[in-house]
Amino acid sequence: MAFATLKNDRLLRALRREPTDTTPIWVMRQAGRYLPEYRTTRERAGSFMALAQNPELACEVTLQPLERFDLDAAILFSDILTIPEAMGLGLSFAPGEGPQFARPVRTRADVAKLAVPDMDGDLRYVMDAVHLIRQELHGRVPLIGFSGSPWTLACYMVEGHGSRDFVTLKAMCWNEPALAHQLLDILAQSVAHYLIAQVAAGAQVLMIFDTWGGMLSPAAFREFSLRYIAQIIAALKAAPQARLDHGSVRCTRCRRRQSRAARQPRSRCHAHQSRRHPPRSPRRHGQLWQLPRPYFQSRPRHHPGSESRAHESAGG
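Residues numbered from 1 in each chain as written. Predicted model: local features only at pLDDT ≥ 70, side-chain atom pairs only at ≥ 80, totals over all residues. Heavy atoms only, no water.

Novice: It is not clear to me how the overall build of the protein should be interpreted in this structure. Could you clarify?
Specialist: Within the protein one finds 14 helices and 7 strands. Within the protein, the fraction of its 316 residues that count as buried is 47%. Pairs at least 24 residues apart make up 72% of the contacts formed inside the protein by residues separated by at least 6 positions. (Helix = DSSP H or I, 4+ residues; strand = E, 2+ residues; numbered from the N terminus. Buried < 20%, exposed > 50% of the residue type's maximum accessible area, 1.4 Å probe, protein only. Contact = heavy atoms within 4.5 Å.)

Novice: Quick question: what am I supposed to make of the side chain of glutamine 198 here?
Specialist: With respect to the element layout, glutamine 198 can be found in helix α10 (residues 177-201). One polar contact links the side chain of glutamine 198 to the main-chain carbonyl oxygen of phenylalanine 146, over a distance of 3.0 Å. Among all residues touching glutamine 198, those that are not within four sequence positions of it are Leu76, Val126, Met127, Val130, Gly145, Phe146 and Ala203. (Polar contact = N/O pair within 3.5 Å; in protein donor to acceptor, adjacent residues only side chain to side chain.)

Novice: Looking at this structure, I do not really get a nonpolar patch on the surface. What am I missing?
Specialist: Side chains of Ile25, Val27, Tyr34 and Phe69 sit close together on the surface and give an oily, nonpolar patch of about 350 Å² of accessible area. For isoleucine 25, the position within the fold is in the loop between α1 (10-15) and α2 (36-45). (Patch = residues over 30% accessible without salt bridge, like charges linked within 9 Å, V, L, I, M, F, W, Y side chains within 5 Å. Areas by Shrake-Rupley, 256 points an atom, 1.4 Å probe, with all protein chains shown as cover. Salt bridge = Lys/Arg side-chain N within 4 Å of Asp/Glu carboxyl O.)

Novice: Could you clarify how one ought to interpret the nonpolar core in this entry?
Specialist: In summary, soluble globular proteins display a tendency toward joint burial of nonpolar side chains. Judged by nonpolar contacts, the single largest core of 83 residues is most densely connected at Leu123, Trp151, Met157 and Leu183. Looking at which element gives the most residues to this core, the answer is α10, with 15 residues. Other than its neighbours up to four places away in sequence, leucine 123 contacts Thr82, Ile83, Ala86, Pro117, Asp118 and Tyr194. (Core = buried A, V, L, I, M, F, W, Y, C linked by side-chain atoms within 4.5 Å.)

Novice: Honestly, helix α4 (residues 55-63) in this entry has me stumped. Any pointers?
Specialist: Most of α4 sits inside the fold, with 7 of its 9 residues counted as buried. Buried within α4 are the following residues: Pro55, Leu57, Ala58, Cys59, Val61, Thr62 and Leu63. Of the surrounding elements, those touching the buried residues of α4 are α2, α3 (48-52), β1 (74-75) and α7 (124-137). Between a side-chain oxygen at the N-terminus of α4 and the backbone nitrogen of glutamate 56 the separation is 3.1 Å; the capping residue is asparagine 54.

Below you can see the structure in the form of structure tokens.
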């Protein structure tokens, strides 16, 4: 079925680095707790996952902020943990504690049981929601689809719940790196299929949330996170039904935006390539283990309740 012609393409033009009349605005949790109508809809659904798994209700809360604010995009109402939930890990949300898995993944046998979920079966509700939202937008603004990164998904799957430092996965990466890579590879395949299916259903922009990538040192980030994000992007570029608009990249140290043409080795900006700005020593910032090479940095700054707040969803 053909969708309506897009009336506001400001975000898409910005992603293509084309001129825009103003900076496009969208809100990550734009279907979130601040809207009384969202809270009413969630209460009617009974639970967050019941809301996310109902395409009609997911569509309703996705569109709610657009009735109040002049935004330049809508983001799918869903959760980053839909993939592991579809893998049969028993996802639940404890009040005030964030996501929990009844069957965490910690052994070779656990990893061997995992398979890429069926996008037309276990995750059909996500694609139905994407298609319905795209229809109901009537071309008003583009629709953003998303997924969690393999590393971030693995953090929750191995730990079994939210954490301040996810030491269980870190221990797997150090003690059994081959097992960690096996887990991350199946997650990368799953995320790629998931995002391709979202594009086929109507998503016009894709995002990958690497919520917990910041706990890794640069070397560990390249090995355990960036490597699999690159694998996903390669799969998206190779899929005939998926077209990915590539935006800017960021310096791994200062997060300054750079064009791909100006990107320096190891994604450093010009300032951080200079000898006047040498790389910071991981030892100075503390390490989980004192390794010969910096693999895992200290845990991110913690605020009370951050285990549940840091968990990414489009509105939970």
